[in-house]
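Observations on chain architecture
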Amino acid sequence: MRGPLVVKRAFSEPLLLLAAFGSILLATTTLVALTMYASSIADAGVRRTMETASLRQTSATISAPVTDKTFPVYDRAVRAELAKAYTKAPALTTSFRSDSYAMPGQEKQERPELLRFGSYDGLDQHAKLVSGAWPKAADGRVEAAVSLSAASAAGFKVGQELTTVGRLSPEPVQVRITGVFQLDDPFGERWTGETLLSRGVERGDFTTYGPLMVSRETFIGRFATNVNATWTAEPDLRSLTPAQLRPLAAAVGEVGAHLKAGDCPSCVTTSRLPEMLTQLDTASLVARSTMLIPVLQLLLLAAYALMLTARLLADHRRMEVALLRSRGAGTLRLAALAGGEAMLVALPCAIVAPLLGPPLLGLVSRLPWIKASGVRLDPSAGLGTFLVSVAVAVASAVLLVLPALAGARRTYVEEQSARGRGGGRGLIQRAGADVALLVVAGLAIWQLQHYGAPVTTTAGGGLGIDPLIISGPALALLTGGMLGLRLVPRISAVAERITSRRPSLAPALGAWQVSRRPLKYAGPALLLTMAIAIGIVSMATAATWRGSQLDQARHQAGADLRLSGPPDAPELGPLGRGTAFTALPGVTAASPVFRGQTEVSSENAILIGIDAAKLGTLFQLRPDLADRPIAEISRALTGPQAGKLDLPGQPAALTLRATADADLPVRLVLSDALGVWRDVSLGVLKKGENTLDVDLAALAGRSGKITYPLSLRGLVVSAPVSGSGSLTVTGISADGRPVTTPAMSVKAAGRQPATAVFGSPPVQGPLPVVLTAGLSESLKLGVGQVGRASIDRRVMDVKVVAVVETMPTTTAGQHAVLADWGTMQAQDLAAAQLPRPATEWWLATPDGRAAAALTSRPAWDVTAIDQRALAAKMQDDPLASGLQGALMLGFLAALVFAALGFLVNAAVAARERMNEFAILRALGVNSRQMFGMLAIEQTFVIALSLAAGTGLAVVVGMLVVPHIVLTGQASAVTPGVVLDIPWGATGAMLAGVAAVLLAIVAGLARNLRRQGLGIREEQ
């Protein structure tokens, strides 16, 4: 063959050079793709977060008291500062609220009902007219539009004219109602601070209607008398990149200070955007750093596979190199030959890899979890991509040259003497470097467990990627595999002793071959071990991540569907909400829940009261978080219940007759069939006979229905201002029909109210509770112990029936108490405390129909937390799910490296032993026995590698995986991560790998048979 010596030399060993080319091309392509993937996922994650961020998270609000003189100055200052802070000027909305005005005809009353006027820029873009027209600026009479809810509550109509007088100004204002409108999303985040606008009426010390919305010019000219103005900035951040996060956060955070120091000293700025952007920047950095872990694992595997190929090439040519050396070739000449040969295969890879990276990422974007997130990976090869490719290719070429240089100084005689039986341990093992590397890997993993992420604080106070931490898992896989190689000589020696006692020749020869040359098989074994370990760790990380997202969603939601909102609202009253919620499609179980902040013996905690009988159906508590099964907790939580008097039929009104010997404030406590408790004020009973009417239908709300039967629970009576008083119930009737009532009387004295219950009073005893571990430790109460605790400043006996690590619906480390709804209400009633309202409803829904149905009922005024939607949102977060694609790329590349490395090693080993096979054939060993010997040798390597790789993956998975699974905000997961190794998929993967490797062995055997094993004449 004519041509340069380097090319001739390369083509003299086509198999090994082709293997080297394949290894380098696979390494450069995969690493380039992973680099592009990490950058693309970070960009996609930031874009997705900005696209889905709520108005409350991204907006900035600036408020200040203004007059018609100061507003123009403040407005110019606010707009200028916001334009400087944002890269693109945000959309700015200005809103105003007036002082209070008396309702027409009530000006002279001591406590009149009130009106407010308001203005909101662009209101017509967020609301639709029901009737009439939008107001215009006009002299004289004020034109105003009012919301449908305010019109219904106050009786306003289009065309109505009214005159009102301000509480602070006696000047009358003449108003004409020009239109009635309905907000598109009355309970959306845009109206979070606009309660009056979204509801139409506010009831408190005063009842306020409105606001009557006027044009901006009208408000400034007629109502801007040192009233509050609010500017709301709504930025468009969809094109934001990771590099812009922290600069924008800093700029927005300084707006308030600049305004105060400038033309708006009274401006108050509020924005969650700086905090959100800083957190997003941290999450983006953590996501990129976490994706470096599989990159380094793959890099280490690729380097070892390439060095294994290079060693085979150097071993195959060592006699050739020795002859060239003896004929005068110097070290530089030999190095130039080896380097030219390496660059001959590396340079094409450097050029081709960036072109193969985008199509490979296109395949990755079709993975289910990447596709579900809506992220489309469409990167293009740029200068940075080619630089990475060239760097990887050059490093691969260097690794290919190193073994050749190591043997370039030996003479022909030295090479001949070095040939023969190899030692049982390699240089690294003899030097103890594998143990030293294990110490370094252990330190890195300890730091990962300590910091919780591969990101630490830099010397400058910022955040940076810690190279030691991200290299820990890769070093652990390498050193674990290297330590496993120490077992190869021992296991092979044991196998040799066992097989030598059996009559079969092939097993004995195969075991003897491995025993006499353990280092020959150590390289392929380590490569396979690392590849298998990387594959299993990748699958375990993916499975653990998916399981953790579901665990987080269940923990945050608490139930399949959790509904929260005001327990009493005009549309759905306290006894109408449960009926409406349980009638939603797909609801199989429901419970009213009290969930709120409380104080437990000076500790802030969340108190949850739920029907204990439904815990097993509703309560999403992971079994390992509790010290006993949920069924036992359910039984133990249920305590004595309160007595009741069921009302017959479906009454809409109740009449109660009672005799009092003093003026006594009284409240009636009743409940419905769903277990909702409600207290109703009966007013102040006068001394003597009293007849009290209760409108039961009103407790359902405008569109709600009561779930019958209704039950009377008790009366809570407060003592008169001085002295004492007693009350006796003389009769009860429902819808005019008498109800048999037991004799009831109660006496109240002092500051504490008294109670009378309908039916037998509950048996007094400690309240059964479930405590979080931190609260249990703080109270010094363990499972089964009874002690006194102050809950809501009421000292009571509690019995701890279980302790949980963390309570659903709470954050990490937050104290919580769980009690049975009925038992808790009975205890409160016995202590003359008013019942706790149902602040939430927890529903069990096997599908998402209930949550979908709620979207069409905005008037119900509920906030829904859907466990399924929450889990889907978490799993579709690019920053959180990005690791999955990197793991799959690394997993597939590792398996290809393993198969390629095994094929090359097995083929070269078989070719090198052709003469040995021929001699055995001449000695009478048949083909089947020799092929059996070859199969035994390679099966030993395969079995040992699969077993060692699986064991190593389990150890590394336990140490590493729970600490690299984080939330989308790069924070620790609550509840804690539980390692999930999918043994079914792992077994299938191991079986597939074994089948492929054994097929390679079978192919080599057939190839040897075709070549023939006769002894050549010259031998």
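Look up a bit, the structure's there.
A brief look at the structure comes next.

What counts, and where the lines are drawn
- Residues numbered from 1 in each chain as written.
- Predicted model: local features only at pLDDT ≥ 70, side-chain atom pairs only at ≥ 80, totals over all residues.
- Heavy atoms only, no water.
- Helix = DSSP H or I, 4+ residues; strand = E, 2+ residues; numbered from the N terminus.
- Contact = heavy atoms within 4.5 Å.
- Areas by Shrake-Rupley, 256 points an atom, 1.4 Å probe, with all protein chains shown as cover.
- Core = buried A, V, L, I, M, F, W, Y, C linked by side-chain atoms within 4.5 Å.
- Buried < 20%, exposed > 50% of the residue type's maximum accessible area, 1.4 Å probe, protein only.
- Phe/Tyr/Trp six-rings, centres within 6.5 Å; stacked < 30°, edge-to-face > 60°.
- Arc of directions from axis to C-beta.
- 1 Å grid on protein atoms, 1.4 Å probe; cavity = no way out; pocket = protein on both sides within 12 Å on 5 of 7 lines; lining within 4 Å.
- Points joined across faces, edges and corners; volume = space filled by probe spheres on them.
- Disulfide = S-S within 2.5 Å.

1. What about the overall build of the protein chain?
- Scanning the protein chain for helices and strands turns up 31 helices and 32 strands.
- Long-range contacts, defined here as pairs at least 24 residues apart, represent 80% of the contacts in the protein chain between residues at least 6 apart.
- As presented, the protein chain carries roughly 44600 Å² of accessible surface, and 57% of it is formed by carbon and sulfur atoms.

2. Here we look at the nonpolar core
- Ranked by size, the top nonpolar core spans 81 residues in total, and within it Leu654, Leu712, Leu715, Leu727 and Ile732 carry the most contacts.
- For this core, the leading source of residues is strand E19 (residues 664-671), giving five residues.
- Not counting residues up to four positions away in its chain, the partners in contact with Leu727 are Ala658, Thr659, Leu664, Val666, Leu685, Leu715, Met744, Ser745 and Val746.
- Residues Ala906, Ala953, Ala994 and Leu997 belong to the second largest nonpolar core, which totals 80 residues.

3. A short note on the packing of aromatic side chains
- Scanning the entire structure with this criterion turns up twelve aromatic pairs.
- With a centroid separation of 5.8 Å and an interplanar angle of 5°, the aromatic rings of Phe71 and Trp231 are classed as stacked. In this pair, Phe71 is assigned in helix H4 (residues 71-85) and Trp231 in strand E10 (residues 225-234), connecting sequence segments 160 residues apart.
- By relative accessible area, Phe71 is classed as buried at 5%.
- Since its relative accessible area comes to 0%, Trp231 is described here as buried.
- Seen in terms of ring centroids, Phe117 and Phe223 are 4.4 Å apart; in terms of plane orientation they differ by 20°. Their pairing is stacked. With Phe117 in strand E3 (residues 114-120) and Phe223 in the loop between helix H7 (216-222) and E10, this pair connects stretches of sequence that are 106 residues apart. The same class applies to Phe117 and to Phe223, which are both buried.

4. A closer look at the side chain of Thr950
- Within the secondary structure layout, Thr950 lies in helix H30 (residues 927-964).
- We classify Thr950 as buried; its relative accessible area is 15%.

5. Topic: helix H27 (residues 867-875)
- Within H27, the full set of buried residues consists of Gln867, Leu870, Ala871 and Met874. Along the axis of H27, the buried residues cluster in a sector spanning 100°; they form a single face.

6. Things to note about empty space enclosed by the protein
- For the structure shown, the criterion picks out eight cavities of 30 Å³ or more.
- Broken down by secondary-structure element, the contributors of at least two residues to the lining of the second largest cavity are helix H10 (273-326), helix H20 (518-557), helix H28 (878-912) and H30.
- When residues of the lining of the second largest cavity are assigned to their parent elements, the largest contribution, four residues, is made by H30.

7. Quick word on the state of the cysteines
- Tallied over the full model, the rule gives one disulfide.
- The residue that forms a disulfide with Cys264 is Cys267, at a sulfur-sulfur distance of 1.7 Å. Across the S-S bond of Cys264 and Cys267 the torsion is about 70°, and the bridge reads as right-handed. The burial state of Cys264 is the same as that of Cys267; both residues are buried.

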